Amino acid sequence: MPNGVLRHNLGITDHQLLAVTEADITRARLVMLAERPLPGAYDLGHLQAFPVAIFGDIYRGQSSYAP
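Basis of the calculations
The numbers attached to residues start from 1 for each chain and follow its sequence in the written order. Note on the predicted model: pLDDT of at least 70 is required for a residue's local features to be given, and 80 or more for side-chain atom pairs to be given and counted; whole-chain, interface and lining totals, by contrast, use all residues. To obtain the side-chain values, all non-hydrogen atoms of the structure were included, while hydrogens and water were left out. Put simply, buried Ala, Val, Leu, Ile, Met, Phe, Trp, Tyr and Cys residues joined by side-chain atoms within 4.5 Å make one nonpolar core. Burial classification: accessible surface area is computed with a 1.4 Å probe over protein chains only, and a residue below 20% of its type maximum counts as buried, one above 50% as exposed, and the rest as partly exposed. The criterion used for residue contact is that any of the two residues' heavy atoms lie within 4.5 Å. Runs of E in the DSSP output that reach at least two residues are strands. Runs of H or I that reach at least four are helices, and both are numbered from the N terminus. To estimate how far a helix should reach, multiply one less than its number of residues by 1.5 Å. Directions from the helix axis toward the C-beta atoms define the arc. What is called the bend at a residue is the angle between a pair of axes, fitted to the seven residues leading up to and ending at it and to the seven starting from it. For this analysis, a salt bridge means a side-chain nitrogen from Lys or Arg found within 4 Å of a carboxyl oxygen belonging to Asp or Glu. Only the contacting stretch of a helix is used when fitting its axis, a line to C-alpha atoms as for every element, and angles between N-to-C directions run 0 to 180 degrees. Working rule for handedness: look at the near helix, and if it is turned counterclockwise from the far one by less than a right angle, call the crossing left-handed; if clockwise, right-handed. Gly is placed with the polar residues, together with every amino acid not listed as nonpolar (Ala, Val, Leu, Ile, Met, Phe, Trp, Tyr, Cys and Pro) or charged (Asp, Glu, Lys and Arg).

K.L.:
Honestly, the nonpolar core in this entry has me stumped. Any pointers?
P.N.:
Most often, soluble globular proteins have nonpolar side chains that are buried together. In terms of nonpolar packing, the biggest core is built from 5 residues, these being Val5, Ile12, Leu18, Ile58 and Tyr59. Dropping the residues within four chain positions of it, Ile58 is found in contact with His8, Asn9, Leu10, Glu22, Ile25 and Thr26.

K.L.:
Sorry if this is basic, but what is going on with helix H1 (residues 15-35) here?
P.N.:
Owing to its 3.6 residues per turn, the α-helix aligns residues three or four sequence positions apart on the same side. Counted at 1.5 Å a residue, the expected span for H1 with its 21 residues is 30 Å, and the 30 Å between its end C-alpha atoms agrees. Along H1, the positions that sit buried rather than exposed are Leu18, Thr21, Thr26 and Leu33. The buried residues of H1 occupy an angular sector of 125 degrees when projected down its axis, which confines them to one face. For H1, the exposed residues lying more than 90 degrees away from the buried face are Gln16, Ala34 and Glu35. Of the surrounding secondary structure, the elements contacted by the buried residues of H1 are helix H2 (44-59).

K.L.:
Would you mind showing me how to read unusual backbone geometry here?
P.N.:
Excluding glycine, a negative phi dihedral is what most residues carry, and trans is how most peptide bonds are arranged. A positive phi angle, near 60 degrees, is found at Tyr42, a position not held by glycine. Relative to the helices and strands, Tyr42 resides in the loop between H1 and H2. The exposure class assigned to Tyr42 is exposed, which follows from its relative accessible area of 54%.

K.L.:
I tried to follow H2 on my own but got confused; where do I start?
P.N.:
Along H2, the sharpest kink reaches roughly 50 degrees, centred on Ala53. For H2, every residue scored as buried is listed here: His46, Ile54, Gly56, Ile58 and Tyr59. Its buried side turned inward, H2 meets H1.

K.L.:
Can you help me understand the pattern of salt bridges in this one?
P.N.:
Opposite charge on two side chains lets them pair, provided their charged atoms get close. This model, assessed by the stated rule, comprises 2 salt bridges. Close ionic contact of Asp57 with Arg29 constitutes a salt bridge, the shortest N to O distance being 2.0 Å. Within this pair, whereas Asp57 is found in helix H2, its partner Arg29 is found in helix H1, the two being separated by 28 residues in sequence. Judged by its relative accessible area of 23%, Arg29 is partly exposed.

K.L.:
Just to check I follow, could you spell out the packing of H1 against H2 for this structure?
P.N.:
If you want to describe how two helices pack, look at the angle between their axes and the distance between the axes. Where H1 meets H2, the axes come as close as 9 Å, and the angle between the chain directions of the two elements is 145 degrees. For the pair H1 and H2, the crossing hand works out as right-handed. Residues Leu18, Glu22, Ile25, Thr26, Arg29, Leu30 and Leu33 of H1 form the contact with H2, whose own contacting residues are Phe50, Ala53, Ile54, Phe55, Asp57, Ile58 and Tyr59. Taken together, the residues that form the contact of H1 with H2 break down as 10 nonpolar, 1 polar and 3 charged.

What follows is the structure, given as structure tokens:
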């Protein structure tokens, strides 16, 4: 975590700029999900799709599931 910034895919090194950018992107994704919900049965795979849909462009490949 150089400069106190989480690893991400945007190339931003300033944590305040990252916070603002992340908020803008996630807000847009949440509006999109409200208008067009993810289809599924709310099983594990469906639930795992939500953080990918919301944060995937910012933190692609950074998450994992550990039972």
